[in-house]
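The residues making up each chain are set out below.
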Amino acid sequence: MPQLDLTPGAEIPTFTRKADLDAWNRYAAVNDEFVPIHMDDEAGREAGFPTAVGMGNLAFSYLHNLLRAWIGETGRIARISVQYRQPVLRKTTVTARGKIISAEGPRAELQIWIEDDGGRTLLEGQATVVVAA
Amino acid sequence: MTEAAAVDTLISDEMRALEGKVLRSRSSYPISASDIRKWAIAVYYPESPPARYVGAGAAGGEAPLVAPEEFNPFAWATPGAKPAPADVSAGFLEKGAGIAPPPLKFIVNGGSISEYGAPMCEGDVITTEFSVKSYTVKQGKRGPLLLTETQDRWTNQKGEVVRTTTMTLIRY
């Protein structure tokens, strides 16, 4: 595995997915998360959103996928904090991103977030990872 | 409605009595290789997940699969509980504790902090202790919001801490 760039401010490779029912239904099936606002536009509108909205838990998985791809099999995700700022809307494209805040030895702190193709920040938080020595 | 009035309306004495108590403790079925594969396929869809999540695993004569950190071993069914539709109502937490829920219709996840310890592997049995840490009320654009902070602590069959998650649920 190539040496990771732990320079503060350096961005890590992104993780992008389409946000729609085909992905959400698969996630509902493995997490037993069949909630109307995640499956039906009308239920989403009733809750005050323009469409059905994606699961926060799936977006949370996308942040893990982002970090795992970067640290590889020998790295470890130690901590993730997230705040859900705006819902994931149907028929958007979401991209998980990360930027190094600091690093000490094999431990790195990152700013992490997910944005959509409309420029909205959907989730944001921080992660601590331990990269291979 | 003033904030003080909202607190009285939304947080009952029974709810206050839940704060700090373990509401639920349960164990998972042993994690199977199939559970890990399906989870990984779903969270990486439509692309293939990394090979380490979809290998043969112990049942196929290889090393046990290791689950993604955020994998949920409690989905669908746990030993001793009949499989049943999950309660996805805004009052699920209080109903599960046998008390009246707050008069609110919607629930969203406001944020969480997850700390990971020992990895979850194929064959592991995970035990959770779930508790309510606190209830607070905040004014939102559409009216009062009930914030509920919960903690979920997972350990494996060796007593190692696997994951601790502190979550804020927003109800309105």
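These numbers were taken from a predicted model, which means no experiment stands behind them.

All names here are of chain A. One ladder, built from 10 bridges, connects strand E3 (residues 92–104) with strand E4 (residues 107–116); its direction is antiparallel. Its bridge partner lying in E4, Ser102 is registered against Glu109. Between E3 and E4, which follow one another and run antiparallel, lie 2 residues, and Gly105 among them has a positive phi close to 60 degrees. Hairpin connection between E4 and strand E5 (residues 121–130): a loop of 4 residues separates the two successive antiparallel strands, and Gly119 in this loop has a positive phi of roughly 85 degrees.

Across the contact, 25 residues belong to chain B and 24 residues belong to chain A. The element best represented in the side of chain B that touches chain A is strand E2 (residues 107–116) of chain B, accounting for 9 residues. Tallied by class, the residues present in the side of chain B that touches chain A amount to 14 nonpolar, 6 polar and 5 charged. In this sheet, E2(B) lies alongside strand E2 (residues 76–84) of chain A in antiparallel orientation, the contact comprising 5 bridges. Paired with Val82(A) across the bridge in E2(B) is Ser112(B).

Every α-helix carries 3.6 residues per turn, so stepping three or four residues along brings you back to the same face. All names here are of chain A. Between the first and last C-alpha of helix H3 (residues 56–71) there are 23 Å, a value that for 16 residues agrees with the 22 Å anticipated at 1.5 Å per step. A large share of H3 lies buried, amounting to 13 of its 16 residues. Note on H3: the residue one or two positions beyond its end, Gly72, has a positive phi of about 75 degrees.

Time to look at the sheet that holds strand E1 (residues 15–19) of chain A. Taken in spatial order, the 10 strands make up an open sheet running E1(A)-E3(A)-E4(A)-E5(A)-E2(A)-E2(B)-E5(B)-E4(B)-E3(B)-E1(B), and their pairing is antiparallel. Looking at strand neighbours, the two that pair on one side only are E1 of chain A together with strand E1 (22–27) of chain B, the edges of this open sheet. On average, each strand axis in the sheet is tilted by 20 degrees relative to the strand beside it, whichever way the strands run. Sheet analysis places E4(A) next to E5(A), joined by 9 bridges and oriented antiparallel. Directly across from Arg107(A), in E5(A), lies its bridge partner Val130(A).

Rules and cut-offs
Residues numbered from 1 in each chain as written. Chains lettered and ligands numbered in written order. Predicted model: local features only at pLDDT ≥ 70, side-chain atom pairs only at ≥ 80, totals over all residues. Pairing = 2+ DSSP bridges. Helix = DSSP H or I, 4+ residues; strand = E, 2+ residues; numbered from the N terminus. Contact = placed C-beta atoms within 7 Å. Nonpolar A, V, L, I, M, F, W, Y, C, P; charged D, E, K, R; others polar. Expected span 1.5 Å × (residues − 1). Buried ≥ 20, exposed ≤ 12 C-beta atoms within 10 Å, placed from the backbone. Axes fitted to C-alpha atoms, helices over the stretch in contact; angles between N-to-C directions.

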